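# Remarks on the overall topology
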Amino acid sequence: MRAIPYQFVVNEVAKMCQEANFELGNDVIDAFQDALKNETSPIGQNILQDLIENANIASSERIPMCQDTGGSVFIVELGQECHIEGGSIYDAINEGVIKGYEEGYLRHSIVDNPLTRTKSKTYNSPAIIHIEMRPGSECTIHMSAKGGGSENMSALKMMKPSDGIEGVKAFILDTVKNAGPNACPPLVVGIGIGGNFERCAYLAKKSLFRPIGHRSQHQELAELELELMAKMNLLGIGPQGMGGSTTALDVKIEIEPCHIAALPVAINLNCHASRHKEINL
Amino acid sequence: MEPKKLTIPMEHQALTLLRAGERVLLSGTIYTARDAAHKRMSESIEKGEALPFSINHQFIYYVGPTPPGPGRIIGSAGPTTSGRMDKYTPSLLERGLKGMIGKGYRNQEVKDSIVKNQAVYLAAIGGTGALISRTIQSMEVIAYEDLGPEAIYKLTVKDFPATVIIDSTGEDWYEIGKTIFNG
Ligand code: SF4
C-alpha cells in the first residue's frame, strides 16, 4: 500500500487553489486569441482583449483574475492501493482549501446555511469533493475554482425519451440563451446526458474539467459538440452578452447509460474564467 | 470609437445623453453594495431609518472584492450579477440613486424605474477584476463592516471602464446587441 502524507496533500491543494485563480490555463488564453480573430463585434473584440490583459495582470501581480474566486470543486482519482497517512482525504483537501484561500487573499464565498445565509466559519470551505476509485496506486487531484454567476444559470431537466436528440439540443440552446450576459460569456458549456438525476449533473461538471479544444472520444458526440458550439455562436449573445459571435469557447458532452424511461440532461455553464488545475501526487 | 470620459456623480444632462451600447470611463466616487448590504438598506427603508450614506445622485457598484494583498488598495474587484439586486433597486432609485454598475439582465420593474427616475444601468466586464482593480485609487468602509467583502465601501475611481446597458430612455443594449449579431 502506497502512503501519501496528509500534510503533503494539504500543501499541494493550497497551491492549486492559488494557481487556479492567478494563472489562467493556456487552453483558455489560446481560445481567447482564436476568438479575437473571428469576432466581428467591436465591443466583443474589446472585451476579448480585456480578458487577455486581465489574465496577464492576474499572473504577473498574483491577484485573482476574478473577485469570485469560486467555490472549489475537486475530482480525485484515487488508486485502491494508495492511502492518505495521518487523516482523511476529505479533511486534507478542506484544510488545503482553507490554507490556500486565506493565505492567497482569495475570497471567502461560502455560507454555512443556504437559508439563513450565515458565513461558514472555515474560510471558503467546505469544498465539493468527488472521489473516483481506480485500480493501482496513483492519486490525481483535479481542482476547479467554480464561479457562482455561471453556476446559477446552469440547468437540469428530466426529459422524455420521445424528446429525442432534437429536444436535447433545443434545451441546451435555450439554457445558453436564457443565461445571456449573466453567466459571463464566452462560455464553456458542460453537458451530461444519461445516468440519473444526480449522475447527469456530475457528468456535466466533470466534462468541464477537460481542456478547451479536447473533443469527446466518441465520433458522433465530438460532432455534436462542434455543432452545438456553432449554433451557440449564431445566437448573437457574444462576449459578456453585449453582442457578437463568440458566445461559447467550447462545448463538452459526457454520456452514460440510463433507465428505459429516462432521458436526464444537465447543462453546467462555466464562464470564461474557466479555472482548473490538476496534480498527480 | 474611443470611450467617453465622465465624472461621477454626473450632471443630469450628461446622464440623459448616455446611450445604450456606449463605452465610458468613469472617474469620481462610487459606492459598493451587493446582496447583504442591499437587504440591510431595504430593511432601513422599511423601518423609516436613514440610509448609511446619502444616496442622492450617487452610483452603486455591485461588487464583493477579494481581500487586498500586502501593499494593495483593493483586491480583485469585478462586477457581480445585478439581477439579484432587482428586488431592492426601484426603492433606491426612488430615493435618488442615479446609476448602477454590475453585469447581466435587469427585470422590467427595474427598467421602468430607471426611465421614471432618469437613471442609468452600466455593465463592467465580468471576470476582469484584476484589470478593474487598477482603476480604483482608494477604498474606505462606510457601513456594515461586519459583512466583510459585502460591506459598503466608498471607492475613488479613475477611468473605470464600463458600457451603458440601459439608458434613461429605457433602451437595453443586451436586447439590441443580440439582434445585431443574431445569425
Ligand atoms: S461568472 Fe465567472 S467570470 Fe463572471 S463573475 Fe462569476 S466567476 Fe467571475
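Residues numbered from 1 in each chain as written. Chains lettered and ligands numbered in written order. Predicted model: local features only at pLDDT ≥ 70, side-chain atom pairs only at ≥ 80, totals over all residues. Heavy atoms only, no water.

### A few points about the overall build of chain B
Defined as follows: In this description a helix means any DSSP run of H or I spanning at least four residues, a strand means any run of E spanning at least two, and both kinds are numbered starting from the N terminus. Atoms counted for the radius of gyration: C-alpha only. Globule rule: 2.2 Å times the number of residues to the power 0.38. A simple rule labels every residue: compare its accessible area, found with a 1.4 Å probe on the protein chains alone, to the largest value its type can have, and call it buried under 20%, exposed over 50%, or partly exposed in between. Only the protein chains shown count as cover for residues, and the accessible areas themselves come from Shrake-Rupley with a 1.4 Å probe. Counting rule applied: Lys, Arg positive; Asp, Glu negative; His and chain ends not counted. For the purpose of locating charges, the reference atoms are NZ of Lys, CZ of Arg, CG of Asp and CD of Glu.
If you tally the helices and strands in chain B, you get 6 helices and 7 strands. In terms of overall size, chain B behaves like a compact globule, its C-alpha atoms giving a radius of gyration of 16 Å where 183 residues would be expected to give roughly 16 Å. When the backbone C-alpha atoms are referred to their principal axes, chain B occupies close to 45 × 40 × 30 Å. The burial tally for chain B puts 60% of its 183 residues in the buried class. Put simply, chain B shows about 7,400 Å² of open surface, and 50% of that area lies on carbon and sulfur atoms. Distance from the positive charge centre (21 side chains) to the negative charge centre (20 side chains) of chain B: 4 Å.

### Regarding the domain arrangement of chain A
Residue and element names in this part refer to chain A. Counted only if it meets this: Annotation comment: domain bounds sourced from an automatic or database domain assignment. Contacts are assigned to residue pairs that have any heavy atoms within 4.5 Å of one another. Each of two parts loses accessible area, computed with a 1.4 Å probe, when they are put together; buried area is these two losses added. Whenever Lys or Arg places a side-chain nitrogen within 4 Å of a carboxyl oxygen from Asp or Glu, that contact is recorded as a salt bridge. By the criterion applied in these results, polar contacts are pairs of N or O atoms within 3.5 Å in which, for protein atoms, one can donate a hydrogen and the other can accept it, and in which residues neighboring in sequence qualify only through two side-chain atoms. Lys, Arg, Asp and Glu make up the charged group, whereas Ala, Val, Leu, Ile, Met, Phe, Trp, Tyr, Cys and Pro make up the nonpolar group; the residues left over, Gly among them, are polar.
For chain A, the domain assignment lists domain 1 (2–20 + 65–146) and domain 2 (149–273). Relative to domain 2, the C-alpha centre of domain 1 lies at a distance of 26 Å. Across the boundary between the two partners, domain 1 contributes 10 residues, which contact 12 residues of domain 2. Taking both sides of the interface into account, the surface hidden between domain 1 and domain 2 amounts to around 850 Å²; carbon and sulfur atoms contribute 63%. For the interface between domain 1 and domain 2, the tally reads 2 salt bridges. For Lys146, the salt bridge identified is with Glu151, shortest N-O distance 2.8 Å. Where domain 1 touches domain 2, the interface holds 5 residue pairs in polar contact (both at pLDDT 80 or more). Elements with a contribution of two residues or more to the side of domain 1 that touches domain 2: strand 2 (71–79), strand 4 (128–134) and strand 5 (139–146). Looking at which element gives the most residues to the side of domain 1 that touches domain 2, the answer is strand 5, with 4 residues. Here the side of domain 1 that touches domain 2 is built from residues that sort into 4 nonpolar, 3 polar and 3 charged.

### Regarding the packing of helix 1 (residues 6–22) of chain A against helix 4 (residues 89–103) of chain A
Describing two packed helices takes the angle between their axes plus the distance from one axis to the other. All names here are of chain A. Selection rule: For helices, the fitted line uses only the C-alpha atoms of the stretch in contact; every axis is such a line through C-alpha atoms, and the angle between N-to-C directions lies from 0 to 180 degrees. Orientation categories follow fixed angle ranges, with anything under 35 degrees roughly parallel, anything over 145 roughly antiparallel, 65 to 115 roughly perpendicular, and all other angles oblique. A clockwise turn of the near helix away from the far one marks a right-handed crossing, whereas an anticlockwise turn of less than a right angle marks a left-handed crossing.
Look at helix 1 against helix 4: their axes get within 7 Å of each other, and the N-to-C directions meet at 45 degrees. By the angle between their axes, helix 1 is oblique relative to helix 4. Note that helix 1 runs across helix 4; the crossing there is right-handed. Here helix 1 contributes Tyr6, Gln7, Val9, Val10, Asn11, Val13, Ala14, Cys17, Gln18 and Asn21 to the contact with helix 4, which in turn contributes Asp91, Ala92, Ile93, Glu95, Gly96, Val97, Lys99, Gly100, Tyr101 and Glu103.

### Re the sheet that holds strand 5 of chain A
Residues and elements named next belong to chain A. Our working definition: By this definition, two strands are paired if DSSP reports at least two bridges between them.
Spatially, the 4 strands line up as an open sheet ordered 4-2-5-10, and their pairing is mixed. The sheet is open, and its two edges are formed by strand 4 and strand 10 (275–280), each paired on a single side. Put simply, the sheet's adjacent strands are angled 15 degrees from each other on average, direction ignored. Pairing of strand 2 with strand 4, which is carried by 7 bridges, proceeds in the parallel orientation. Each bridged residue has a counterpart across the sheet, and for Gly79 the counterpart in strand 4 is Arg134.

### Quick word on the UniProt feature "domain: Fe-S hydro-lyase tartrate dehydratase beta-type catalytic" (unreviewed entry) in chain B
Where we set the bar: UniProt positions are given in the numbering used here, feature names are shortened, and annotations may be inferred rather than shown by experiment.
The residues that UniProt annotates with the feature "domain: Fe-S hydro-lyase tartrate dehydratase beta-type catalytic" (unreviewed entry) are residues 11–175 of chain B. The annotated region residues 11–175 of chain B carries 25% helix and 27% strand content, and the separation between its end C-alpha atoms amounts to 27 Å.

### A few points about the packing of aromatic side chains
All names here are of chain B. Under the convention used in this document: Aromatic rings from Phe, Tyr and Trp, taking only the six-membered ring of Trp, are treated as a pair when their centres fall within 6.5 Å; an angle between ring planes under 30 degrees marks them as stacked, one over 60 as edge-to-face, and anything in between as tilted.
Counted by the stated rule, this structure contains 3 aromatic pairs over all chains. Ring plane angle 15 degrees and centroid distance 4.1 Å describe the contact between Tyr31 and Phe53, whose orientation is recorded as stacked. Taken together, the residues span a long stretch of sequence, with Tyr31 in strand 2 (residues 23–32) and Phe53 in the loop between helix 2 (35–47) and strand 3 (59–61) at a distance of 22 residues. Assessed through its relative accessible area of 9%, Tyr31 is described here as buried. Ring centres of Tyr61 and Phe160 lie 5.0 Å apart, and the angle between their planes is 85 degrees; this geometry places the pair in the edge-to-face category. Of this pair, Tyr61 sits in strand 3 while Phe160 sits in strand 7 (residues 152–166), and the two are 99 residues apart along the sequence. A residue is classified by how much of its surface remains accessible, and Tyr61, at 0% relative accessible area, is buried. Classification of Phe160 by relative accessible area gives buried; the value is 0%.

### Description of the pattern of salt bridges
Enumeration according to the criterion identifies 35 salt bridges over all chains in this entry. In this structure, the salt-bridge partner of Lys205 of chain A is Glu151 of chain A, at a minimum N-O distance of 2.8 Å. Placement of Lys205 of chain A in helix 7 (residues 197–207) and of Glu151 of chain A in helix 5 (residues 148–152) is noted, with a sequence separation of 54 residues between them. Residue classification places Lys205 of chain A among the buried residues on the basis of a relative accessible area of 11%. The partner of Asp167 of chain B in a salt bridge is Arg19 of chain B, and the shortest N-O contact between them spans 4.0 Å. Pair noted here: Asp167 of chain B is in the loop between strand 7 and helix 6 (173–181) and Arg19 of chain B is in the loop between helix 1 (12–17) and strand 2, with a separation of 148 residues, a long-range link. Classification of Asp167 of chain B by relative accessible area gives buried; the value is 1%. By relative accessible area, which is 39% here, Arg19 of chain B ends up partly exposed. One network of salt bridges, in which partners are shared, links Arg210, Arg215, Glu225, Asp250, Lys252 and Glu254 of chain A.

### Some thoughts on the UniProt feature "domain: Fe-S hydro-lyase tartrate dehydratase alpha-type catalytic" (unreviewed entry) in chain A
Per the UniProt record, "domain: Fe-S hydro-lyase tartrate dehydratase alpha-type catalytic" (unreviewed entry) is annotated on residues 11–279 of chain A. The span residues 11–279 of chain A is 39% helical and 25% strand by assignment, and the distance between its end C-alpha atoms comes to 12 Å.

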